[in-house]
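Listed below are the residues making up each chain.
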Amino acid sequence: MEVILNRDSAEASRRAAALIAHEVRRKPDTVLGLATGSTPLQVYQNLIHIHREEGLSFAGVTTFNLDEYIGLGMDHPQSYHAYMREHLFRHLDLSPGKCHLPNGLAEHVPEECDRYEQRIRDAGGIDLQLLGLGADGHIGFNEPISSLASRTRIKTLTPRTREDNARFFERAEDVPHHVLTMGIGTILESRRIVLLAFGEAKAKAAANMIEGPLSASNPASALQMHPRVHVFLDEAAAGLLTRADYYRWVYEQKPDWQRTP
Ligand code: GLP
């Protein structure tokens with residue numbers, strides 16, 4: 001796991017966006033895994049800037065989002081479909097037919113989940129997966145005790161996650177109880193993973209993910225099993241790491257050829 005400590009979320013997001021842009025330049029038909037929540041917003045703003053100012057085209061790119069709320073249609077303002085349209089898709093030259101999210105209104109949930117997994121396979125797998133981190137250590141919506149081998153499926157949100165996400169809804173009780181999410185096994189099959197976490201509220205989850213034991217109690221710790229993960233933290237999210245100085249030193253000493261991106 002490469003741990004990159006940043007002054008602030010702006011620096012972290014610039015670096016993560018540069019890494020993603022580099023991947024798209026290298027492979028114009030890259031398959032990107034995308035995330036929602038407040039954490040990736042600055043990454044998306046940077047990508048939009050790179051698209052506008054440097055002319056980077058996303059026309060060949062395919063995207064797969066991690067998750068969606070069950071019961072929210074794609075036009076519901078709090079759906080992740082709407083989030084992605086608003087914050088990324090409408091600003092880039094992505095082809096709408098190549099942007100995939102799980103269907104929160106699917107009549108038959110297990111079939112929808114199998115279809116989603118199949119679509120990822122048909123696209124050749126995910127080249128680079130962007131992740132945020134839940135305060136309880138979840139990735140996607142894989143709450144604690146999710147199987148580390150899980151695939152796309154229905155999950156029930158913890159009260160903590162519903163509370164954390166209530167700020168996006170008019171009333172706290174409007175937050176759905178159920179979601180569709182890629183599994184941890186699905187995420188681990190991505191060829192490369194970029195995770196961002198900002199703020200003190202993420203410090204414990206970040207420390208558990210990086211330095212804690214591998215455990216389904218801390219779903220993000222499963223990333224320790226992945227050979228190519230880049231973790232971008234701001235100072236507050238790095239606050240509980242015991243080896244922060246070492247990670248800083250490693251990053252500074254890197255030979256140029258090994259630098260991210
Ligand atoms: C939601 C999303 C996750 C995200 C997490 C953190 O639960 N499903 O993908 O990482 O929230 O959200 P935020 O970035 O707003 O802190």
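About the criteria used
Residues numbered from 1 in each chain as written. Predicted model: local features only at pLDDT ≥ 70, side-chain atom pairs only at ≥ 80, totals over all residues. Heavy atoms only, no water. Disulfide = S-S within 2.5 Å. Near = heavy atom within 4 Å. Polar contact = N/O pair within 3.5 Å; in protein donor to acceptor, adjacent residues only side chain to side chain. Areas by Shrake-Rupley, 256 points an atom, 1.4 Å probe, with all protein chains shown as cover. Nonpolar A, V, L, I, M, F, W, Y, C, P; charged D, E, K, R; others polar. Salt bridge = Lys/Arg side-chain N within 4 Å of Asp/Glu carboxyl O. Helix = DSSP H or I, 4+ residues; strand = E, 2+ residues; numbered from the N terminus. Buried < 20%, exposed > 50% of the residue type's maximum accessible area, 1.4 Å probe, protein only. Pairing = 2+ DSSP bridges. Axes fitted to C-alpha atoms, helices over the stretch in contact; angles between N-to-C directions. Phe/Tyr/Trp six-rings, centres within 6.5 Å; stacked < 30°, edge-to-face > 60°. Parallel < 35°, antiparallel > 145°, perpendicular 65-115°, else oblique. Left-handed = near helix turned anticlockwise from the far one by under 90°. Contact = heavy atoms within 4.5 Å.

> Teacher, can you tell me more about the state of the cysteines here?
A covalent bond between the sulfur atoms of two cysteines is what we call a disulfide. In this structure the tally under the stated criterion is 0 disulfides. C113 supplies the cysteine sulfur nearest to C99, a cysteine that is in no disulfide, at a spacing of 20 Å.

> Sorry, what's going on with the site of the ligand here?
Residues in close proximity to the ligand total 13 residues, the closest being S38, T39, D67, R167 and K202. G140 places a main-chain nitrogen or oxygen 3.2 Å from a nitrogen atom of the ligand. Within the side chain of R167, one N or O atom sits 2.8 Å away from an oxygen atom of the ligand. The protein chains hide 94% of the 390 Å² of surface that the ligand would expose on its own. Here the residues of the shell around the ligand sort into 3 nonpolar, 7 polar and 3 charged.

> What is the right way to read the pattern of salt bridges from this model?
Side chains that differ in sign of charge can pair as their charged atoms come close. Under the criterion given, the structure shown has 19 salt bridges. Its salt-bridge partner being E2, residue K254 comes within 2.9 Å of it at the nearest N-O pair. Here K254 is found in the segment after α8 (244–253), whereas its partner E2 is found in strand β1 (residues 2–5), with 252 residues between them in sequence. Here K254 and E2 have matching classes, each one buried. The partner of D256 in a salt bridge is R259, with the nearest N and O atoms 3.7 Å apart. On the accessibility criterion, D256 (67% relative accessible area) is exposed. With relative accessibility at 29%, the residue R259 sits in the partly exposed group. Several salt bridges converge on common partners, so that one network encompasses R7, E11 and R15.

> So what exactly am I meant to see when it comes to unusual backbone geometry here?
Residues other than glycine predominantly adopt negative phi, and peptide bonds predominantly adopt the trans conformation. Within the chain, I145 stands out as a residue other than glycine whose phi angle is a positive 80 degrees. Turning to its location among the elements, I145 is positioned in the loop between β6 (128–131) and β7 (153–156). On the basis of relative accessible area, I145 is assigned to the exposed category, the value being 60%.

> Teacher, can you tell me more about the sheet that holds strand β8 (residues 178–181) here?
The pairing of strands in a sheet comes from backbone hydrogen bonds and takes either a parallel or an antiparallel form. What the 3 strands build is an open sheet, ordered β4-β8-β7; its pairing is antiparallel. Each of the sheet's edge strands pairs with one partner strand only, and the pair in question is β4 (67–69) and β7. Averaged over all pairs of adjacent strands, the angle between their axes in this sheet comes to 30 degrees, without regard to strand direction. Of the pairings in the sheet, the one linking β4 to β8 comprises 3 bridges and is antiparallel in character. Paired with E68 across the strands is L180, a residue of β8.

> Honestly, the packing of aromatic side chains in this entry has me stumped. Any pointers?
Two aromatic rings are characterised by how far apart their centres lie and by the angle between their planes. On inspection of all chains with the given rule, the structure shows 7 aromatic pairs. Where Y69 meets F169, the ring centres are 5.5 Å apart and the plane angle is 85 degrees; that geometry is what we call edge-to-face. In this pair, Y69 is assigned in strand β4 and F169 in the loop between α5 (159–165) and β8, connecting sequence segments 100 residues apart. With a centroid separation of 6.0 Å and an interplanar angle of 15 degrees, the aromatic rings of Y80 and F141 are classed as stacked. Here the residue Y80 occupies a position in helix α3 (residues 80–87), and F141 occupies one in the loop between β6 and β7, the gap between them amounting to 61 residues. In this pair, the class of Y80 matches that of F141, namely buried. One aromatic cluster is present, formed by Y69, Y80, Y83, F141 and F169 through successive ring pairs.

> Could you clarify how one ought to interpret the packing of helix α1 (residues 9–26) against helix α2 (residues 41–54) in this entry?
Think of two packed helices as two axes; the pair is described by the angle between the axes and how far apart they sit. One way to put it is that α1 packs onto α2 with a least axis distance of 8 Å and a crossing angle of 50 degrees. Taken together, the axes of α1 and α2 lie oblique to each other. The two elements α1 and α2 meet at a crossing, and its hand is right-handed. Residues S9, A10, S13, R14, A16, A17, I20, A21 and R25 of α1 form the contact with α2, whose own contacting residues are Q42, V43, N46, L47, I50 and E54. Taken together, the residues that form the contact of α1 with α2 break down as 8 nonpolar, 4 polar and 3 charged.

> Before we go on, may I ask you to explain the pairing of β6 in this structure?
Each regular strand carries side chains that alternate between the two faces of the sheet. Because side chains alternate across β6, one face comprises the buried residues L128 and L130, and the other comprises Q129 and L131, equally buried. One ladder, built from 2 bridges, connects strand β2 (residues 31–34) with β6; its direction is parallel. Of the residues in β6, the one forming a bridge with G33 is Q129. With 4 bridges connecting them, β6 and strand β9 (residues 192–197) associate as parallel partners.

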